[in-house]
Amino acid sequence: MTRQFAEQFVLRMPDGLRDRIKVAAATNRRSMNAEILYHLERALDATPALPSDPET
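Keep in mind that this is a model prediction, so the values were computed, not measured.

1. Some remarks on the overall build of the protein
- Per the secondary structure count, the protein includes 2 helices and 0 strands.
- Approximately 5,800 Å² of the protein is accessible, and the part contributed by carbon and sulfur atoms is 55%.

2. Some points on the layout of surface pockets
- Space inside the second largest pocket adds up to approximately 180 Å³.
- Along its surface, the second largest pocket is lined by Leu11, Arg12, Met13, Pro14, Leu17, Arg20, Ile21, Ala24, Glu35, Ile36, His39 and Leu40.
- Of all the secondary structure elements, the ones that give two or more residues to the lining of the second largest pocket are helix H1 (17–27) and helix H2 (32–46).

3. Side note on the packing of aromatic side chains
- Within this structure, the stated rule accounts for 0 aromatic pairs.
- Over the face of the ring belonging to tyrosine 38 we find arginine 30, whose NZ or CZ atom lies 4.1 Å from the ring centre.

4. Some thoughts on the pattern of salt bridges
- In total, this model carries 1 salt bridge according to the counting rule given.
- A salt bridge links arginine 30 to glutamate 35; the nearest nitrogen and oxygen atoms lie 2.7 Å apart.
- The class for arginine 30 is partly exposed, based on a relative accessible area of 29%.

5. Topic: the packing of H1 against H2
- Two elements in contact, H1 and H2, have axes separated by 9 Å at closest approach and are oriented at 95°. Considering their axes alone, H1 and H2 lie roughly perpendicular with respect to each other. For the pair formed by H1 and H2, the contact residues are Arg18, Ile21, Lys22, Ala24 and Ala25 on the first element and Met32, Glu35 and Ile36 on the second.
- Of the residues assigned to the contact of H1 with H2, the class counts are 5 nonpolar, no polar and 3 charged.

6. Quick notes on unusual backbone geometry
- In this model, arginine 29 sits at a positive phi of 55°, which is unusual for a non-glycine residue.
- Here arginine 29 is to be found in the loop between H1 and H2.
- For arginine 29, a relative accessible area of 79% gives the class exposed.

About the cut-offs
Along each chain, residues carry numbers from 1 onward, in the same order as the chain's sequence is written. pLDDT decides what is reported in this predicted model: residues at 70 or higher carry local features, side-chain atom pairs at 80 or more are listed and counted, and totals for whole chains, interfaces and linings draw on all residues regardless. Each side-chain value is derived from all of the structure's non-hydrogen atoms; neither hydrogens nor water enter the calculation. Each helix is a run of H or I in the DSSP string that is no shorter than four residues. Each strand is a run of E no shorter than two, and both are numbered from the N terminus. Shrake-Rupley sampling with a 1.4 Å probe provides the accessible areas, and residues are treated as covered by the protein chains on show and by no other component. Cavities and pockets were defined on a 1 Å grid built over protein atoms only: a cavity is a set of grid points that admits a 1.4 Å probe from which the probe cannot escape, a pocket is an open set flanked by protein on both sides within 12 Å along at least five of seven lines, and lining residues are those with an atom within 4 Å of any such point. Grid points are joined across faces, edges and corners, and a volume is the space filled by probe spheres set on the points. Centre distance within 6.5 Å is the pairing criterion for rings of Phe, Tyr and Trp, where only the six-membered ring of Trp is used; planes under 30 degrees apart are then read as stacked, over 60 as edge-to-face, and the remainder as tilted. The criterion is that NZ of a Lys, or CZ of an Arg, lies within 6 Å of the ring centre and within 35 degrees of the ring normal, and then a charge sits over that ring. Within this document, salt bridges are pairs made up of a side-chain nitrogen of Lys or Arg and a carboxyl oxygen of Asp or Glu, the two lying within 4 Å of each other. Accessibility here uses a 1.4 Å probe with only protein chains present; expressed as a share of the type maximum, an area under 20% marks a residue as buried, one over 50% as exposed, and anything in between as partly exposed. Between N-to-C directions, angles cover 0 to 180 degrees, with each direction set by a line fitted to C-alpha atoms, over the stretch in contact for helices. Here the word oblique covers every angle except those under 35 degrees (roughly parallel), over 145 (roughly antiparallel) and from 65 to 115 (roughly perpendicular). Two residues form a contact once any of their heavy atoms are found within 4.5 Å. Under the convention adopted here, Pro, Cys and the residues Ala, Val, Leu, Ile, Met, Phe, Trp and Tyr are nonpolar, Asp, Glu, Lys and Arg are charged, and Gly plus all remaining residues are polar.

This is how it looks when you write it as structure tokens:
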């Protein structure tokens with residue numbers, strides 16, 4: 001699957017988190033970026049959407 005990415009985002013992480021992501025990515029045979037996206041998408045899919053603002 002090919003994805004197009006239009007934006008970059010600088011992210012500050014707590015100590016040790018980068019290493020945990022690196023290990024998880026290697027274990028799952030993904031890049032660190034793909035590993036982060038995988039977990040973000042799963043977390044957002046599991047979270048109910050907030051009601052939209054009626055003024056927007």
